[in-house]
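Per-entry structural report
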Amino acid sequence: KVDGERVNTVEPVWMKSKNSVTTEEHEELYRHLGQAYDSPRYTLQFETDAPIAIKSVFYVPQSHREKMGMGQQEACVNLYSRKVLITAK
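The structure reproduced in this document is the subject of the present report. Just so we're clear, the structure is a prediction, and the values are computed from it rather than from any experiment.

What counts, and at which threshold
Residues numbered from 1 in each chain as written. Predicted model: local features only at pLDDT ≥ 70, side-chain atom pairs only at ≥ 80, totals over all residues. Heavy atoms only, no water. Salt bridge = Lys/Arg side-chain N within 4 Å of Asp/Glu carboxyl O. Helix = DSSP H or I, 4+ residues; strand = E, 2+ residues; numbered from the N terminus. Buried < 20%, exposed > 50% of the residue type's maximum accessible area, 1.4 Å probe, protein only.

We now examine the pattern of salt bridges. Tallied over the full model, the rule gives 2 salt bridges. Between Glu25 and Lys16 there is a salt bridge, and its shortest N-O distance comes to 2.6 Å. Glu27 is paired through a salt bridge with Arg31; the nearest N and O atoms lie 3.9 Å apart. A residue pair is termed a helical-turn pair when its members lie 3 or 4 positions apart in one helix, as Glu27 and Arg31 do in helix 1 (residues 23–34) at 4 residues. Classification of Arg31 by relative accessible area gives partly exposed; the value is 34%.

See below:
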């Protein structure tokens, strides 16, 4: 919080159970991370315990931005550990 106001308003949906996350929460995270205006075409939320604990969420966009004249973009994956961004791309 900064001056009593919450700064980070997007919830880390990958930390929640798959059944408790709503479509609206997935869309909000997708739009925030991807700087997108649409909804994801596909959403995959995955969790495993062995041999290491992994919680993940993967979004596939509706369309390819390069086809719409947005310029060339690199594909990327953001890696978070304990809700902290470790690496992007």
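Okay, back to it.
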